[in-house]
Amino acid sequence: MSEQTTSKLYAIVHCKCPHCRRGDIFTGSMYGWNIQHTKEICGHCAQRIEIEPGYFYAAMYVSYALNVAQIVITAILTYYLSGESESPMLYIGVIFSVIFLLAPFNYRYSRVILLHWLSPKVKYNPDYDK
Ligand SMILES: [Zn+2]
């Protein structure tokens, strides 16, 4: 019996469905001209991605945590790379630029983290992972 299962880490990094770890959660690419959407239903196993109406409001809290972590890291790096501590406009400019550039990343991974780690209703089922 050869079992080729998909690891949880792979599924998270590649934004795969938490139930089968095969189907894509999003349409389009993270950075591109097409607008990315979250699928309603997994194309591989028919798991509902948006488990209930308004489900992804909770992803705002994950996104908020990601943003705070990114802002703190950016501020620390800005301080060490520039040696500047008297110029609030430098920090505001750098932080806004980084947050703007990471917005598509945060959109995706806040939902992926919510689905894979914070949703006890959705469980991995290896029967669909083929
Ligand atoms: Zn699926």
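First, a word on scope: everything that follows refers to the structure included in this document. (Residues numbered from 1 in each chain as written. Predicted model: local features only at pLDDT ≥ 70, side-chain atom pairs only at ≥ 80, totals over all residues. Heavy atoms only, no water.)

### Some remarks on the packing of helix 2 (residues 59–82) against helix 3 (residues 88–117)
It is at 8 Å that the axes of helix 2 and helix 3 come closest, and there the two elements cross at 145 degrees. The chirality of how helix 2 crosses helix 3 is right-handed. Considered class by class, the residues forming the contact of helix 2 with helix 3 number 17 nonpolar, eight polar and one charged. (Axes fitted to C-alpha atoms, helices over the stretch in contact; angles between N-to-C directions. Helix = DSSP H or I, 4+ residues; strand = E, 2+ residues; numbered from the N terminus. Left-handed = near helix turned anticlockwise from the far one by under 90°. Nonpolar A, V, L, I, M, F, W, Y, C, P; charged D, E, K, R; others polar.)

### Thoughts on a nonpolar patch on the surface
A contiguous nonpolar surface patch, about 660 Å² in accessible area, is contributed by Y64, V68, V72, I76, Y79 and Y80. Of note, Y64 is situated in helix 2. (Patch = residues over 30% accessible without salt bridge, like charges linked within 9 Å, V, L, I, M, F, W, Y side chains within 5 Å. Areas by Shrake-Rupley, 256 points an atom, 1.4 Å probe, with all protein chains shown as cover. Salt bridge = Lys/Arg side-chain N within 4 Å of Asp/Glu carboxyl O.)

### Considering helix 2
Compared with the 34 Å implied by 1.5 Å per residue over 24 residues, the 34 Å span of helix 2 between its first and last C-alpha is a close match. Taken as a whole, helix 2 has its buried residues at A59, V62, S63, L66, N67, Q70, T74 and T78. Buried residues along helix 2 sit against helix 3. After helix 2 finishes, the residue G83 shows a positive phi value of roughly 70 degrees. (Expected span 1.5 Å × (residues − 1). Buried < 20%, exposed > 50% of the residue type's maximum accessible area, 1.4 Å probe, protein only. Contact = heavy atoms within 4.5 Å.)

### A short note on the coordination of the zinc ion
Protein-derived ligands of the zinc ion are C17 (SG), C20 (SG), C42 (SG) and C45 (SG), with the metal-ligand distances lying across 2.3 Å. Each of the four donor atoms bound to the zinc ion contributes to angles spanning 108 to 111 degrees, and the resulting shape is tetrahedral. In the primary sequence, the donor residues of the zinc ion line up as C-x2-C-x21-C-x2-C. On the criterion of sequence distance, the pair formed by C17 in the loop between helix 1 (8–13) and strand 1 (26–27) and C45 in the loop between strand 2 (37–38) and helix 2 is long-range, its members being 28 residues apart. Of the residues examined, C17 reaches a relative accessible area of 0% and is grouped as buried. Owing to a relative accessible area of 11%, C45 belongs among the buried residues under this scheme. (Donors = N, O, S within 2.8 Å, 3.2 Å for Na, K, Ca; no water. Tetrahedral: all angles 85-135°; square planar, octahedral: opposite > 155°, others 65-115°.)

### Examining the nonpolar core
The biggest cluster of nonpolar side chains holds 19 residues, and the ones touching the most others in it are I49, F56 and V112. Counting only elements with at least two residues in this core, the list comes to helix 2 and helix 3. Per-element tally for this core: the top contributor is helix 3, with five residues. Other than its neighbours up to four places away in sequence, I49 contacts C17, I25, T38, K39, E40, I41, C42, Y55, F56 and L115. (Core = buried A, V, L, I, M, F, W, Y, C linked by side-chain atoms within 4.5 Å.)

### Observations regarding the side chain of S63
Mapped onto the elements of the fold, S63 is located in helix 2. Once residues lying within four places of it in the same chain are set aside, the contact partners of S63 are N106 and S110.

### Quick look at the pattern of salt bridges
Applying the stated criterion across every chain yields a total of three salt bridges. Linking K16 and D24 is a salt bridge whose minimum nitrogen-to-oxygen distance equals 2.6 Å. By relative accessible area, which is 15% here, K16 ends up buried. The partly exposed category is assigned to D24, whose relative accessible area is 33%.

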